[in-house]
Amino acid sequence: DPATHPKVNEAELKLLEGSRSMAHENPEGGWLKVIAQRDVVLLVVQYTLLSFVWFFYVTWLPTFLQETFGLTPAQTAGYAVVPLACGGFGALLSGLIPTVVPRRTIALVGFAITAAMLFSVGHATTPLMAVAMLGAASFASDLCVPISWNTCVEVGRRYTATVAATMNMCSGLAGFTLSVGAGAMVKSMGWTPVLQVMTGAAVVAFVCWLFLHPDKIAKRHAEAEVLP
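Residues numbered from 1 in each chain as written. Predicted model: local features only at pLDDT ≥ 70, side-chain atom pairs only at ≥ 80, totals over all residues. Heavy atoms only, no water.

Draft legend 1. Structural view of the state of the cysteines. Inspection of the entire model under this criterion finds zero disulfides. Of the cysteine sulfurs around Cys144, a residue in no disulfide, the closest is that of Cys208, at 11 Å. (Disulfide = S-S within 2.5 Å.)

Next comes the structure, spelled out in structure tokens:
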């Protein structure tokens, strides 16, 4: 508690009064009740699956390209950066899309394209074709990244930090699962099952957004705040 520090002055102590009550809040029903709400669960699940796919680009993509297309390390380096760059552009573009476009629509389109591109990667005959598809998948899925973090505010409200932290923690667990699980699948079954599981993850994330309506939630909260 910073208020106990000997160098904190009186003005700072007054500023800390409200913060202390928020930091030590214990919601009715406990924190589990906060993160067990339907909208929170859907939000966390879709972001976990998004991250599950994303970690492929930073872990197994170089190995996939080398083993599938016989690329040299130098060639692999040039190709492997493409999905990451495309993902960055996707996240930036998402923030520039006018607010009149529903976030749910952006997410549904994004995950639909991601699933289609990941499914097609297994049929690519050249490294350029495979990387182009993976780049499109990364671009489309990263459209959903800013939307996901913004939705934490709508579904979390006063517990936004708790919802965001839960979502972020689960995305890290997804990365661990992909990193270890993909290696085990490749060793025993090859690359096709890995791509199929990634495609399935995008499909399930798509389904989550069929039931997640952040703009409606925001409107409902706004209307509640103006009521007498």
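Draft legend 2. Seen up close, the packing of helix 3 (residues 38–59) against helix 4 (residues 61–69). Close contact between helix 3 and helix 4 brings their axes to 5 Å; oriented N to C, the two are set at 65°. Of helix 4, the residues touching helix 3 (which contributes Phe56, Tyr57 and Thr59) are Leu61, Pro62 and Phe64. For the contact of helix 3 with helix 4, the class distribution of residues is five nonpolar, one polar and no charged. (Axes fitted to C-alpha atoms, helices over the stretch in contact; angles between N-to-C directions. Helix = DSSP H or I, 4+ residues; strand = E, 2+ residues; numbered from the N terminus. Contact = heavy atoms within 4.5 Å. Nonpolar A, V, L, I, M, F, W, Y, C, P; charged D, E, K, R; others polar.)

Draft legend 3. View of the packing of helix 3 against helix 9 (residues 160–189). Packing of helix 3 against helix 9 leaves a shortest axis separation of 7 Å and a crossing angle of 40°. Relative to helix 9, the element helix 3 lies oblique. When the axes of helix 3 and helix 9 are compared, the crossing they make is right-handed. Two secondary-structure elements touch here, helix 3 through Val40, Leu43, Val44, Tyr47, Thr48, Ser51, Phe52, Phe55, Phe56 and Thr59 and helix 9 through Val163, Thr166, Met167, Cys170, Ser171, Ala174, Gly175, Thr177, Leu178 and Ser179. A per-class count over the contact of helix 3 with helix 9 returns 12 nonpolar, eight polar and no charged. (Parallel < 35°, antiparallel > 145°, perpendicular 65-115°, else oblique. Left-handed = near helix turned anticlockwise from the far one by under 90°.)

Draft legend 4. Inspection of unusual backbone geometry at higher detail. One non-glycine residue with positive phi stands out, namely Arg157, at about 50°. Counting through the fold element by element, Arg157 comes out in the loop between helix 8 (144–156) and helix 9. On the accessibility criterion, Arg157 (36% relative accessible area) is partly exposed. (Buried < 20%, exposed > 50% of the residue type's maximum accessible area, 1.4 Å probe, protein only.)

Draft legend 5. Focus on the pattern of salt bridges. One pass over the structure, following the stated rule, counts three salt bridges. Overlapping salt bridges bring together Arg103, Glu154 and Asp215 as one network. (Salt bridge = Lys/Arg side-chain N within 4 Å of Asp/Glu carboxyl O.)

Draft legend 6. Representation of a nonpolar patch on the surface in the model. Together, Val203, Val207, Leu210 and Phe211 make up a nonpolar patch on the protein surface, roughly 310 Å² of accessible area in all. Counting through the fold element by element, Leu210 comes out in helix 10 (residues 192–210). For Leu210, a relative accessible area of 35% puts it in the partly exposed group. (Patch = residues over 30% accessible without salt bridge, like charges linked within 9 Å, V, L, I, M, F, W, Y side chains within 5 Å. Areas by Shrake-Rupley, 256 points an atom, 1.4 Å probe, with all protein chains shown as cover.)

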